[in-house]
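Now for the letters of each chain:
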Amino acid sequence: MTATTTPPATGRPASRRAPGGGLPSRRAVIRWAVRLFHREWRQQVLTLALLTVAVIGATFAVSATYNMASTSDATFGRADHLLRLDGGNPAELDSRLAAARAWFGTIDAIGHRYLEVPGRFDPVDVRAQDPHGAYGAPMLAVRQGRYPAGGGEVAVTDGVARTLRTGLGRRVSIDGHDRLVVGVVENPEDLTDEFALVDPAHADPPQTVTVLVAGDRAALEAFRSTIDGPLVRESRPGTTRTVIAAVTLALATVGLLLVSLVAAAGFVVVAQRRLRQLGMLAAMGATRRHLRLVLLANGTVVGAVAAVLGTAIGVAAWLLVAGRVETAAGHRIDRFDLPWPTIGAGMLLAVATATAAAWWPARAIARTPIMSALSARPPRPRPARRTATAAGVLLAAGVTCLTLSGGTNPLLIPAGTAATAAGVLFAGPAAIRVLAAARGGMPVAVRLALTDLVRYQARAGAALAAISLALGISVAVVAGSAAAEHQAERAAGLGNLADSQLLVRIGRPGPVIPDRTPAELGSLQAQLDAIAGRLGTPTVTPLDMAVVAADTEPGQPGSEPGHPAVEIGTPVADGQTMTSYPLYVATPALLRLYRLDPAAVATDTDVLTVRTGALELVNIPERRVYPKTQALPDSRYSSMPNSLITASMMARHGWQPARVGWLVDADHPLTGPELTTAQNVAASAGLTVESRRERASLGTLRTGAVAAGALLALGILAMTVGLIRGEAAGDLRTLAATGAPRRIRRTLTATTAGALAFLGALLGLAGAYVGLVSVLHRDLDALADVPVAHLAATVVGLPALAAAAGWVLAGREPRPLGHRRLD
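Caption draft 1: Broad picture of the nonpolar core. Among the nonpolar cores identified, the biggest contains 31 residues, and I432, L453, I467 and L717 are the most heavily contacted of them. Sequence-distant contacts of I432, that is, excluding residues within four places in its chain, are made with L453, V454, A460, G461, L464 and L759. Core analysis: the second largest hydrophobic core is formed by 25 residues, V29, L278, A297 and A358 among them.

See below:
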């Protein structure tokens, strides 16, 4: 038998005590509650641990979200706007730089030249920039060595060092100059920005110039009106920090709601364990306010301890992993650049929500009749109609707020997120009753486990709410990241090429295709065969373009050696520029690549293309040609031959095909050594190779979110299942006495764990998608790519894992009646 802490005397007889008691009596009750926590902290260690884990998760999530978002400093530095100037006319360039300096006062000019590297399609940006410029300084940082300080020096990023096969202390030829590599640099705000840095005072004339300026938008437009001709200009986005703050606040709100739900589940247990002690206190004349104060004080203490420990561990965890997060974020991260006010508010709110979470069980215990409290009977389950009604109201309010927010409103987003989450959570008791109502015809152990969930609905409902919220956050991250990737792919395609493809070009693309003899083409074909032979058994598709065979007047593209290549573009007004795209010959091999039957091409079709709208053929000197087009299946890869000219169109105009390259498609993703070998062979033959450009993937984030949600849900399940099965120990003894085998006891625990995990996964999935659909209601196609594997792991894998763990860990013989601890 364990000792019981004696309830405090309230200082006066019950018959003469004022309602609610005086300050001395409340102090006595608080001191007694603190002593109880100090004495019984081991019994609350699981609740405290789960609260701490919830605070750790909220602190880490807020820190990571705040730092993961890229900033516009990568492009603008400290400036408000940038101008892009053409360096083709040095006199005009100097005039515009002088005009910008006179208008804005201080400017920061960054020159760019583009170095072609043999064997590679993408040129290297040779950047002339002052490392200590007024606005561009945040865009440069030294990783090794130093900045270049003379005409014979250069600093390179690590990617350019690999491309040029050079390194610190070695010499390299850049743009016709022999330079010494004196440093390894980077753009700390964009780690994918690859360039070579030279001293502006000793740089060659730039091809383009980026000018950084400060000021408001009106000043920029006023300057634009003083410049003749087109002027490309951009302004720093003004809503980035607002959006980050809104997302951070929403995450903090949801995280703290999770804290309160976990705390509520724990405090229901604490209240039930102290039921006899509180009954004795009530029998001595304590008021309901005194009884509530016992649990409220306990909640405050637990919340304070969890807030301090959780925040400290969360910040420490962030400091440990921040270096790895830099790679995923694509920019350098100042580890201590955290939203400290939000974290501090989170600590205060964690204490407040823990105290508030203790209010509900405190209120229920205070209303428990004295005899029921002394007998420690579980409270009768309350009808679920009220909670179901509240769930409907909150869901409607949350969906309305998220729909009206447009995905950017910093007030409606957190309000809608909290209301939607609370609405889903209030549906928990009703979900438990619906599941229990379907227990007919099931084995006895399963029926008993589902009945116990209804019998102990208070703690089961609180635990289900916490599990639902934990898994809802996980599903929201998984589905939201998939939607973000889908939107990015829709805007920019799947990338330039697939990871198994190479686009091998003869020379570099241009408006004129040089004449090549059959012997030259045969030699190039041999080099292409050498590249393909090192990639296993790839599929090689020749690429031809239509060329204009007729002579042209001087000054036209055809006046250069070779023949103009027919391209396609969008018609524009006179005096403006046109963006043109390659137009390849629709050979049978290319049509097979698109699984297109030549018979499906209409006889009067001129061009097969993925592009829409009015189109015009480019580089035709004699006249303007507007072809009749037919849709081509979209490959979603930007560098694929996605505009094809038909043979009939070429025959009508007398154009001829000319070989410009090959598309090589291997039967496996290409490795780094294979790409290097292909580039080396191409460089020696005068070919250029374009391979897939790496793109950031959120797959790791989705996997981490699923794992984190599952671990938190399993922790809550461990606490809840243990408590429910502990309260039902009498039933277990009865079953054991009647000869029930260990299999029955295992089935009870496995069913309880699996049912709560399954209901939590379903509610979390529903809540997450309700929120996402509300935010993206104008663009539901963004949710078309469903991350089936990650969602299946949550909805199917987690309940199966919880049930299996319950089966393995259960089955221990119940404690004999004579060994029961009497509290």
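Caption draft 2: View of helix 23 (residues 742–775). Under the 1.5 Å per step criterion, the end-to-end length of helix 23 is 50 Å for 34 residues, consistent within 8% with the ideal 50 Å. With respect to burial, helix 23 is a largely interior element, 24 of its 34 residues being buried.

Caption draft 3: Region of the structure containing the sheet that holds strand 20 (residues 616–618). Pairing is antiparallel across the open sheet formed by three strands, whose spatial order is 17-16-20. Pairing within the sheet leaves two strands with one partner each, and these edge strands are strand 17 (580–582) and strand 20. Sheet twist, expressed as the mean angle between neighbouring strand axes with direction ignored, is 40 degrees.

Caption draft 4: Representation of a nonpolar patch on the surface. On the surface, a cluster of nonpolar side chains totalling about 350 Å² of accessible area is made up of W807, V808 and L809. Here V808 lies in helix 24 (residues 788–809). Classification of V808 by relative accessible area gives exposed; the value is 57%.

Caption draft 5: Quick peek at the side chain of E186. As for its placement among the helices and strands, E186 is situated in strand 8 (residues 177–186). On the basis of relative accessible area, E186 is assigned to the buried category, the value being 9%. One polar contact links E186 to R332, side chain to side chain, over a distance of 2.7 Å. Aside from chain neighbours lying at most four places away, what touches E186 is M139, L140, A141, R143, T157, L191, F195 and R332.

Caption draft 6: Region of the structure containing the packing of helix 17 (residues 518–533) against helix 20 (residues 672–685). The geometry of helix 17 relative to helix 20 is characterised by a closest axis approach of 9 Å and an angle of 170 degrees between their N-to-C directions. With respect to their mutual orientation, helix 17 and helix 20 come out roughly antiparallel. Where helix 17 abuts helix 20, its residues L524, Q527, A530 and I531 lie against A678, V681, A682 and A685. Residues of the contact of helix 17 with helix 20, tallied by class, amount to seven nonpolar, one polar and no charged.

Caption draft 7: A look at the environment of A201. Within the element layout of this structure, A201 appears in the loop between strand 9 (196–198) and strand 10 (208–213). A201 gets classed as exposed once you look at its relative accessible area, which sits at 64%.

Rules used in this analysis
- One numbering rule holds for all chains: residues counted from 1, following each sequence as written.
- Only residues with pLDDT of 70 or above have their local features reported here, since the model is predicted, and side-chain atom pairs are shown and tallied only from 80 upward, although totals for entire chains, interfaces and linings are computed over all residues.
- Each side-chain value is derived from all of the structure's non-hydrogen atoms; neither hydrogens nor water enter the calculation.
- We define a nonpolar core as any set of buried Ala, Val, Leu, Ile, Met, Phe, Trp, Tyr and Cys residues linked to one another through side-chain atoms lying within 4.5 Å.
- Classification of residues uses two cut-offs on accessible area relative to the type maximum, computed with a 1.4 Å probe and protein chains only: under 20% is buried, over 50% is exposed, and between them is partly exposed.
- Contact definition: two residues touch when any of their heavy atoms are within 4.5 Å.
- Every helix listed is a DSSP run of H or I at least four residues long, and every strand listed is a run of E at least two residues long, numbered separately from the N terminus.
- One less than the number of residues in a helix, times 1.5 Å, gives the span that helix is expected to have.
- Here, any two strands with at least 2 DSSP bridges between them count as paired.
- Simply put, an axis is a line fit to the C-alpha atoms, just over the touching stretch for a helix, and the angle between two N-to-C directions goes from 0 to 180 degrees.
- Surface patches are defined over residues having more than 30% relative accessible area and no salt bridge, joining like charges when they lie within 9 Å and nonpolar side chains (Val, Leu, Ile, Met, Phe, Trp, Tyr) when within 5 Å.
- For accessible areas, the Shrake-Rupley method is used with a probe of radius 1.4 Å. Any residue's cover is judged against the shown protein chains and nothing else.
- For this document, the term salt bridge refers to a Lys or Arg side-chain nitrogen within 4 Å of an Asp or Glu carboxyl oxygen.
- Counting of polar contacts relies on pairs of N or O atoms within 3.5 Å, with two restrictions inside protein: one atom must be capable of donating a hydrogen and the other of accepting it, and residues adjacent in sequence are counted only when both atoms are side-chain atoms.
- Oblique is the label for any angle not under 35 degrees, not over 145, and not in the 65 to 115 range, which are roughly parallel, roughly antiparallel and roughly perpendicular in turn.
- Residues are grouped as follows: Ala, Val, Leu, Ile, Met, Phe, Trp, Tyr, Cys and Pro are nonpolar; Asp, Glu, Lys and Arg are charged; all remaining types, including Gly, are polar.

All we've got here are geometric facts, nothing functional implied.
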